[in-house]
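Structural characterization, general
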Amino acid sequence: MKLGVVGLPNVGKSTLFNAITHAGAEAANYPFCTIEPNVGVVAVPDERLDKLAALYSSKKVTPAIVEFVDIAGLVKGASRGEGLGNKFLSHIRECDAIVHVVRCFEDANVTHISATLDPVADITTITLELILADIEAVNKRQDRIRNTAKGGANKDAAAEYAFLERLEKFLSEEKPARLFECDEGEKIYLKNLFLLTAKPVIYAANISELDMGKDEDEIPFVVKVKAYAKAEGSEVMVICAKTEDELSQMPAEDAAMFLEELGLKESGLNRLIKKSYSLLGLISFLTAGEKETRAWTIVNGTKAPQAAGVIHTDFERGFIRAEVVDYRTLLDCGGLVGAREKGKVRSEGKDYVVKDGDVILFRFNV
């Protein structure tokens, strides 16, 4: 999962990204993974892994990971190249979702690009730039198929061109593509455009340290962001980037004590990762043994052979069956042997839909 972190200057985006990189997973654990300076790799929090690793005395524990990409240079005029906008807009196209950091704190020592602080105005500034870039992408596609679509002889091209005209009109009304309604056939056209505003968004409402622990509905700027997000069906995550950066640099025990003092169960960064995972409809199945305990990321609804293919293509190609046991049941039974003795291990075939928390042993033959 790759998330693009966007936001205007001085909203706390860099501070949040610092927290992400400080909390980063050890890059060496992930072979063939080259980490660029603007990418932070973070483990998806999953207490199940530690419990399974303890049960099996695993030599290695490998969590699912999230990549956060720092999308710099976004300012008003980014779609025309202002603030290195064109260079960094292309980075967003490679991401699965967007984390839009919005300033929800007053601080006379931190300048703002506008005379007054207005988080909704900040959101619309960035969104409009993304919409303008999307309109350009739609226009390019129109130019490509215009001649083919003329006269209606090529029905598919004509249908796509009609779709593009509707989409262009919708975007021109300053509405993001993720709100555009289309039928199943048209969703293919939309997907192939790789539009920036078609991606799901989490608004990270960045509050001050003084507002930590407060009821979110008592923070006026947060209330505004929530109302905006609700209108378009997006998610909001309230976070204090400065506190997250401090937490990420503390030893685990000190960080836990600090969170407890604030009346919080877990860090905002962990909550953001979990919410992002949920937003994209992702789940994890698990494999466990003495050699390694590992979480594997799949889309909710994935069937057993395709889940096996996430581990290795040979597993999918030669899939025979999946031996499945729920994570909690496995712990209660003291391991796979105990689970077998109690008849808790299920043998599942090609049509089995993998569930979050399934511990699976795949049988295959190539």
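In case you missed it, the structure is sitting above this.
Source: prediction; values computed, not measured.

**Some points on the overall build of the protein chain**
- Per the secondary structure count, the protein chain includes 14 helices and 12 strands.
- Counting every position in the protein chain, which comprises 366 residues, the buried fraction comes to 45%.
- Excluding contacts between residues fewer than 6 apart, the proportion of contacts in the protein chain whose partners are at least 24 apart in sequence is 68%.
- Approximately 18,800 Å² of the protein chain is accessible, and the part contributed by carbon and sulfur atoms is 50%.

**A look at the environment of Asp183**
- With respect to the helices and strands, the residue Asp183 is situated in the loop between α5 (155-172) and α6 (184-193).
- A polar side-chain atom of Asp183 sits 3.1 Å from the main-chain amide nitrogen of Gly185.
- Of note is the side chain of Asp183, whose polar atom sits 2.8 Å from the backbone nitrogen of Glu186.

**Comments concerning the pattern of salt bridges**
- Within this structure, the stated rule accounts for 25 salt bridges.
- Across the pair Glu136 and Lys140 runs a salt bridge, and its minimum N-O distance is 3.7 Å. One end of the pair is Glu136 and the other is Lys140, both in helix α4 (residues 119-149) and 4 residues apart, which spans about a single turn.
- Given a relative accessible area of 45%, Lys140 falls into the partly exposed group.
- The closest approach of N and O atoms between Arg340 and Glu323, which form a salt bridge, is 2.7 Å. Of the two residues, Arg340 is situated in helix α14 (residues 336-341) and Glu323 in strand β10 (residues 319-326); the sequence distance between them amounts to 17 residues.
- Classification of Arg340 by relative accessible area gives partly exposed; the value is 39%.
- If you follow the salt bridges from partner to partner, you end up with Arg321, Glu323, Arg340 and Arg363 in one network.

**With respect to the nonpolar core**
- The biggest cluster of nonpolar side chains holds 67 residues, and the ones touching the most others in it are Phe68, Ile92, Tyr203 and Ile207.
- Dropping the residues within four chain positions of it, Tyr203 is found in contact with His100, Val102, Ile123, Arg178, Val225, Tyr228, Ala229, Glu232, Ser234, Glu235, Val236 and Met237.
- Residues Ile145, Ala149, Phe163 and Phe170 belong to the second largest nonpolar core, which totals 20 residues.

Rules behind the numbers
- Residues numbered from 1 in each chain as written.
- Predicted model: local features only at pLDDT ≥ 70, side-chain atom pairs only at ≥ 80, totals over all residues.
- Heavy atoms only, no water.
- Helix = DSSP H or I, 4+ residues; strand = E, 2+ residues; numbered from the N terminus.
- Buried < 20%, exposed > 50% of the residue type's maximum accessible area, 1.4 Å probe, protein only.
- Contact = heavy atoms within 4.5 Å.
- Areas by Shrake-Rupley, 256 points an atom, 1.4 Å probe, with all protein chains shown as cover.
- Polar contact = N/O pair within 3.5 Å; in protein donor to acceptor, adjacent residues only side chain to side chain.
- Salt bridge = Lys/Arg side-chain N within 4 Å of Asp/Glu carboxyl O.
- Core = buried A, V, L, I, M, F, W, Y, C linked by side-chain atoms within 4.5 Å.

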